[in-house]
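Here is how the chains run, residue by residue.
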Amino acid sequence: MSTLLITNARVVRPGSDAPDEGEFLDLLIEDGKFTRIEANIDALAADTVIDAAGKVAFPGVVDAHQHWGIYNSLGDDAETESRACVQGGVTTSLSYMRTGQYYMNTGGSYADVFPKVLAATEGRPYVDYAYHLAPMSKEHIDEIPALIADHGVTSFKIFMFYGSHGLHGRSTDQSEFLMTPEGERYDLAHFEFVMRGIQAAREQMGDKADHISLSLHCETAEIMSAYTKIVEEDGTLEGLAAYSASRPPHSEGLAVTIASFLADETQLPNINLLHLSSRKALTAAMRMAKAFPHVNFRREVTIGHLLADIDTAYGLGGKVNPPLRPRDDVEALWEHLLAGDIDWVVSDHACCKDEKKFAEDRGDIFAAKSGFGGAEYLLPGLVSEGRKRGLSWRRIAELTSLNPARRYGLPGKGDIAVGMDADIALIDPDHTWTVRPEDSESAQEYTPFEGFELGAKVTDTFVRGQRVLADGTVAGAPAGRYLHRPYL
């Protein structure tokens, strides 16, 4: 059994009893777990000693929202995009997966599809990983208990905007796009039945119920369709401003309200509202929390929506769903984050290469593909911008590690504590650098954050004690494991 000792680290732990800015401690790691966390551990206790030289040690980031394999081969993404993960301090990736076009480009049961997903990714990632699955058909709803029991999938998703939209814009044939059985619709009724199916599974599996949840992408298809037509016909707005206007914030707010009412109706308590991007979306989310206090809502924002707006993002590569917003909405996200209304921050990483992003028309925002990578900027971006606004390091550890780990069935991760997985991100909080796409390990050749100046840098990342980023360079072989949840 190998042992590793990390000395002279300023250790940041989540939780109300932890110091806001961490404390200097040594970390002894044996067989991938923390075994001692204290000052002045004898170097003779370990086979290998690494001097952190005063760098800040955060719990490895649990990035609860990624998309591997949406545009590229799933296996290739699992490798290249997990390399980008470790640059951003991410040690656990939870990636969304569904049937239909993109992803695996197939329909059918998850009993057939999900083993292929696991086979495609096995041995490729540099980080530990799990999947959220979207029940797209009646058959998938029936499979929920088996997915939990057999594969440890405890989190599920609804894409509310697919009612009349595809991934990037108008969809003329929903069934063809989603590859759903003839006669079935992916609509509000289906969303309700998904909720009922998940709640039924929770009731069957009492010991796992707290770890089982539903996440929702909250945008309203009918509003989006109407406003896309208005914006295109008017022609006044261009670029990211046009795309934001075509998917207006009140579409988010309305979808949040509908989702919340359905959660109450179906008695499903564990609801995650994903990538909220606007003041109106957050206003709706907070109102619903008051209206339905028995629903255990969690609210998510992305590092992209916190760092960039429609004017500062670099080019049309910033197209994403929901859209980047005007600066007022960015400031609203920060207001809610600092007030404690946000539960976790994610990357929503979806590698979309240049030739795929702009395959149809490089100058047309509505023709461009949606999504971009950003896991490599998650922890350094939040530390950089958060420090300017008074966000404590302890709170950053909660937002990036502890909170998502607890919600998504990963109690063995998310903290620096004895007995837990030794997932660590060492960060230099005084290293100023400029974002350039060529410095990223992602296969994506551009970034909407190009030219952004960040004031913190991840230098070293450890996954269960294995050093996968060393002095800023990806190191060693892929170390990631699939996490059957609950993962203790």
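Residues numbered from 1 in each chain as written. Predicted model: local features only at pLDDT ≥ 70, side-chain atom pairs only at ≥ 80, totals over all residues. Heavy atoms only, no water.

1. Quick word on the overall build of the protein
Then comes step 1: A tally of helices and strands in the protein yields 14 helices and 19 strands.
Then comes step 2: Radius of gyration (C-alpha) of the protein: 21 Å, near the 23 Å computed for a compact globule of 488 residues.
Then comes step 3: Along the three orthogonal principal directions, the C-alpha set of the protein runs to about 70 × 50 × 40 Å.
Then comes step 4: Evaluated residue by residue, the protein yields a buried proportion of 63% over its 488 residues.
Then comes step 5: When contacts within the protein are restricted to residue pairs at least 6 apart in sequence, long-range pairs at least 24 apart make up 78% of them.
Then comes step 6: For the protein, the accessible area works out to roughly 17,300 Å², and carbon and sulfur atoms hold 47% of it.
Then comes step 7: Taking the 46 positively charged and 72 negatively charged side chains of the protein as two groups, their mean positions are separated by 2 Å. (Helix = DSSP H or I, 4+ residues; strand = E, 2+ residues; numbered from the N terminus. Rg over C-alpha atoms; globule rule 2.2 N^0.38 Å. Buried < 20%, exposed > 50% of the residue type's maximum accessible area, 1.4 Å probe, protein only. Contact = heavy atoms within 4.5 Å. Areas by Shrake-Rupley, 256 points an atom, 1.4 Å probe, with all protein chains shown as cover. Lys, Arg positive; Asp, Glu negative; His and termini not counted. Charge placed at Lys NZ, Arg CZ, Asp CG, Glu CD.)

2. So, the pairing of strand 3 (residues 33-38)
Then comes step 1: As defined by bridge partners, strand 2 (residues 23-30) adjoins strand 3 across five bridges and the pair is classed as antiparallel. In the strand pairing of strand 3, Glu30 is matched with Lys33. (Pairing = 2+ DSSP bridges.)

3. Comments concerning the nonpolar core
Then comes step 1: Core analysis: the largest hydrophobic core is formed by 122 residues, its most contacted members being Phe58, Tyr131, Phe156, Leu214 and Ile271.
Then comes step 2: The contacts of Ile271, once residues within four sequence positions are left out, are Met195, Leu214, Leu216, Ala263, Val295, Asn296, Phe297, Arg298 and Arg407.
Then comes step 3: Residues Ile6, Ile29, Phe34 and Ala52 belong to the second largest nonpolar core, which totals 16 residues. (Core = buried A, V, L, I, M, F, W, Y, C linked by side-chain atoms within 4.5 Å.)

4. Observations regarding the UniProt feature "domain: Amidohydrolase-related" (unreviewed entry) in the protein
Then comes step 1: The positions UniProt marks with the feature "domain: Amidohydrolase-related" (unreviewed entry) are residues 324-468.
Then comes step 2: Between the end C-alpha atoms of residues 324-468 there is a gap of 32 Å, over a span that is 29% helix and 15% strand. (UniProt positions renumbered as here; feature names shortened; annotations may be inferred.)

5. Quick notes on the layout of surface pockets
Then comes step 1: In this structure, the second largest pocket spans a volume of roughly 320 Å³.
Then comes step 2: Together, 18 residues line the second largest pocket, and Ser2, Gly32, Arg464, Gly465 and Gln466 are the ones closest to its centre.
Then comes step 3: The residue makeup of the lining of the second largest pocket, split by class, is five nonpolar, six polar and seven charged. (1 Å grid on protein atoms, 1.4 Å probe; cavity = no way out; pocket = protein on both sides within 12 Å on 5 of 7 lines; lining within 4 Å. Points joined across faces, edges and corners; volume = space filled by probe spheres on them. Nonpolar A, V, L, I, M, F, W, Y, C, P; charged D, E, K, R; others polar.)

6. What to know about the packing of helix 2 (residues 110-121) against helix 3 (residues 138-151)
Then comes step 1: The contact between helix 2 and helix 3 brings their axes to 10 Å, and the two run at 40 degrees. Between helix 2 and helix 3, the angle is such that the two are oblique. Contacts between helix 2 and helix 3 involve Tyr110, Ala111, Phe114, Pro115 and Leu118 from the former and His140, Glu143, Leu147 and His151 from the latter.
Then comes step 2: Here the residues of the contact of helix 2 with helix 3 sort into six nonpolar, two polar and one charged. (Axes fitted to C-alpha atoms, helices over the stretch in contact; angles between N-to-C directions. Parallel < 35°, antiparallel > 145°, perpendicular 65-115°, else oblique.)

7. Focus: the pairing of strand 17 (residues 457-463)
Then comes step 1: Burial of strand 17 is extensive: six of the seven residues sit out of reach of the surface.
Then comes step 2: Bridging between strand 17 and strand 18 (residues 466-470) involves three bridges; their strand directions are antiparallel. Residue pairing across strands places Phe462 opposite Arg467, the latter belonging to strand 18.
Then comes step 3: Taking the residues between adjacent antiparallel strands as the criterion, strand 17 and strand 18 are bridged by two residues, where Arg464 takes a positive phi near 50 degrees.

8. A short note on unusual backbone geometry
Then comes step 1: In this structure, the amide linkage connecting Asn321 to the following residue, Pro322, adopts the cis form with an omega of -10 degrees.
Then comes step 2: As for its placement among the helices and strands, Pro322 is situated in the loop between helix 10 (303-307) and helix 11 (327-338).
Then comes step 3: Although it is not a glycine, Asp348 sits at a positive phi angle of roughly 50 degrees.
Then comes step 4: Topologically, Asp348 is positioned in the loop between strand 13 (344-346) and helix 12 (354-357).
Then comes step 5: For Asp348, a relative accessible area of 8% translates into the label buried.

9. Quick notes on empty space enclosed by the protein
Then comes step 1: All chains considered together, the criterion is met by four cavities of 30 Å³ or more.
Then comes step 2: Size it by volume and the second largest cavity reaches roughly 60 Å³.
Then comes step 3: What lines the second largest cavity is Gly373, Gly374, Glu376, Tyr377, Pro437, Ser440, Ser442, Gln444, Tyr446 and Thr447.
Then comes step 4: Residues of the lining of the second largest cavity, tallied by class, amount to three nonpolar, six polar and one charged.

10. Section: the environment of Leu273
Then comes step 1: By the element assignment, Leu273 lies in strand 11 (residues 270-273).
Then comes step 2: For Leu273, a relative accessible area of 0% corresponds to the buried category.
Then comes step 3: Here the alpha-carbon distance between Leu273 and Glu300, two residues 27 residues apart in the chain, equals 6.1 Å.
Then comes step 4: Once residues lying within four places of it in the same chain are set aside, the contact partners of Leu273 are Leu216, Cys218, Val256, Ala285, Phe297, Arg298, Arg299 and Glu300.

11. Some thoughts on helix 13 (residues 378-388)
Then comes step 1: Within helix 13, nine of the eleven residues are buried, which leaves the element mostly enclosed by the surrounding structure.
Then comes step 2: Residues of helix 13 that are buried include every one of Leu378, Leu379, Pro380, Gly381, Leu382, Val383, Ser384, Glu385 and Gly386, and no others.
Then comes step 3: Residue Gly390 follows helix 13 closely and has a positive phi angle near 85 degrees.

12. Observations concerning the packing of aromatic side chains
Then comes step 1: For the structure shown, the criterion picks out 16 aromatic pairs.
Then comes step 2: Ring geometry for Phe114 and Tyr131: centres 5.9 Å apart, planes at 90 degrees, overall edge-to-face. One end of the pair, Phe114, is in helix 2; the other, Tyr131, is in strand 8 (residues 128-133), with 17 residues separating them in the sequence.
Then comes step 3: Taking 5.8 Å as the distance between ring centres and 70 degrees as the angle between the ring planes, the aromatic pair formed by Phe449 and Phe452 counts as edge-to-face. (Phe/Tyr/Trp six-rings, centres within 6.5 Å; stacked < 30°, edge-to-face > 60°.)

13. Details of the environment of Met104
Then comes step 1: Locating Met104 in the fold gives a position in the loop between strand 7 (90-97) and helix 2.
Then comes step 2: Judged by relative accessible area, Met104 falls into the partly exposed class, the value being 24%.
Then comes step 3: On a C-alpha basis, the gap between Met104 and Leu74 in space is 7.7 Å, while along the polypeptide they are 30 residues apart.
Then comes step 4: Residues in contact with Met104, not counting those within four places in the same chain, are Leu74, Met97, Val113, Lys116 and Val117.

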